[in-house]
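What the coordinates show
Take a look at the letters that make up each chain.
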Amino acid sequence: MQLEIDQREGPVALRPLKAEDASLLLRWLTDPAVLEWYEGRDRPFTPQMVQEHFYKEDGLSRCIILYEGSPAGYVQVYPLDEEEKQEYGCPEAPSPAFAMDQFLGETACWGKRIGRAFISLLLKHLAAAENAQAVYVDPHTDNKRAIRCYEACGFRQVKLLPKHELHEGSMRDCWLMEYRPQETE
């Protein structure tokens, strides 16, 4: 299921990923500061990896985050199926439920509450246009900046996912965080 996401609110916007964004993704995903939290510094991307990871047909909706009209980061959203709900350990999650992964690739944008702005924009879109009943993220437990951002947007920690993600050579604990639109209205 491909979602049509093209939203704007104030200086922040989301637009669909385009073929010409590959060079941006490559620049961001070779930056050690970005890789520290997304994919790992031991796995800088190559042009081929960018194509394989971001430009395949797999049901993910991929967007570029814009700040004041300039690309600032990346977000992907996908509906959770029953198998993924089992993997997260939340088979009781309401439907439709979505998961999202994101990063700000422009480190100059860090600390400016752009994350809060684009996540809030995306959550409003998912609730209104897709009738999302829940949205999930799974940050590393040591990514305090991301956790604060998600909590400020209405997410809550619901479950520890021990050794959930391979990152820089070791399995990392993650928090399963949940947003329920009806609980934040």
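Refer to the structure above for everything that follows.
Counting from 1, residues in each chain are numbered in the order their sequence is written. The predicted nature of this model means local features are confined to residues of pLDDT at least 70 and side-chain atom pairs, given and counted, to a pLDDT of 80 or more, with totals for whole chains, interfaces and linings taken over all residues. Excluding hydrogens and water, the side-chain figures rest on all heavy atoms present in the structure.

1. Describing the overall build of the protein chain
On a plain count of helices and strands, the protein chain comes out with 7 helices and 8 strands. Taking 185 residues into account, the globule formula puts the C-alpha radius of gyration at 16 Å, and the protein chain, at 16 Å, falls close to it. In terms of its C-alpha atoms, the protein chain occupies a principal-axis envelope of roughly 40 × 40 × 35 Å. Across the 185 residues of the protein chain, 45% fall into the buried class. Here the Shrake-Rupley method, with its probe set to 1.4 Å, supplies the accessible areas, and only the displayed protein chains count as covering residues. For the protein chain, the computed accessible surface area is about 9,200 Å², with 48% contributed by carbon and sulfur atoms. For helices the rule is a DSSP run of H or I covering at least 4 residues; for strands it is a run of E covering at least 2, with both sets numbered from the N terminus onward. Computation of the radius of gyration draws on C-alpha atoms, with the globule rule given as 2.2 Å multiplied by the number of residues to the power 0.38. The cut-offs for exposure are 20% and 50% of the maximum accessible area for each residue type, with area from a 1.4 Å probe on protein chains only; residues under the lower value are buried, those over the upper are exposed, and the others partly exposed.

2. What to know about the sheet that holds strand 8 (residues 170–179)
The strand order across the open sheet formed by 8 strands is 1-2-3-4-5-6-8-7, and the pairing between neighbours is mixed. A single partner strand is all that each edge strand has here, and the edge strands are strand 1 (7–9) and strand 7 (156–167). When the angles between neighbouring strand axes are averaged without regard to direction, this sheet yields 25 degrees. Two elements, strand 4 (residues 70–79) and strand 5 (residues 97–104), share 7 bridges in a ladder whose sense is antiparallel. The partner of Y78 across the bridge, within strand 5, is A99. Packed onto the sheet, helix 6 (residues 144–152) meets strand 5, strand 6 (134–137), strand 7 and strand 8 and runs at close to 10 degrees relative to strand 8. A strand pair is defined by DSSP finding two or more bridges across the two strands. All axes are obtained by fitting lines to C-alpha atoms, using only the stretch in contact for helices, and the reported angles, taken between N-to-C directions, cover 0 to 180 degrees. We call two residues in contact when some of their heavy atoms are within 4.5 Å.

3. Some words on the pattern of salt bridges
Two side chains with opposite charge may pair up if their charged atoms get near one another. When a carboxyl oxygen of Asp or Glu lies within 4 Å of a side-chain nitrogen of Lys or Arg, that pair is called a salt bridge. Tallying each qualifying case throughout the model produces 11 salt bridges. With a closest N to O distance of 3.1 Å, E9 and K124 form a salt bridge. Remark: K124 occurs in helix 5 (residues 114–130) and E9 occurs in strand 1; sequence separation between them is 115 residues. Overall, the relative accessible area of 40% leaves E9 in the partly exposed class. When the shortest N-O distance is used, the salt bridge between E178 and R180 registers 3.1 Å.

4. Overview of the packing of aromatic side chains
For this analysis, a ring pair means two rings from Phe, Tyr or Trp (six-membered ring only for Trp) whose centres lie within 6.5 Å, classed as stacked if their planes differ by under 30 degrees, edge-to-face if by over 60, and tilted for the remaining angles. Using the criterion set out here, one finds 8 aromatic pairs in the structure. With a centroid separation of 4.5 Å and an interplanar angle of 50 degrees, the aromatic rings of Y38 and F103 are classed as tilted. Within this pair, whereas Y38 is found in the loop between helix 2 (32–35) and helix 3 (47–54), its partner F103 is found in strand 5, the two being separated by 65 residues in sequence. Of the two residues, Y38 and F103, neither departs from the other in class, the shared state being buried. Each ring, one from F54 and one from Y74, has its centre 4.8 Å from the other, and the planes form 85 degrees; the classification is edge-to-face. Pair noted here: F54 is in helix 3 and Y74 is in strand 4, with a separation of 20 residues, a long-range link. As far as the burial class goes, F54 and Y74 line up, both buried. Feature note: the residues W28, Y38, F45, F54, Y74 and F103 constitute an aromatic cluster, connected by ring pairs.

5. Topic: unusual backbone geometry
Note the cis peptide between S95 and P96, where omega equals -5 degrees. Positive phi, normally seen in glycine, also occurs at E39, with a value near 80 degrees. Mapped onto the elements of the fold, E39 is located in the loop between helix 2 and helix 3. By relative accessible area, which is 19% here, E39 ends up buried.

6. Digging into the pairing of strand 8
Bridging between strand 6 and strand 8 involves 3 bridges; their strand directions are antiparallel. Within strand 8, the residue paired with V135 across the bridge is Y179. Pairing of strand 7 with strand 8, which is carried by 8 bridges, proceeds in the antiparallel orientation. What sits directly across from L161, in strand 8, is C174. Between strand 7 and the antiparallel strand that follows it, strand 8, lie 2 residues; E168 among them carries a positive phi value of about 50 degrees.

These figures capture arrangement, not role.
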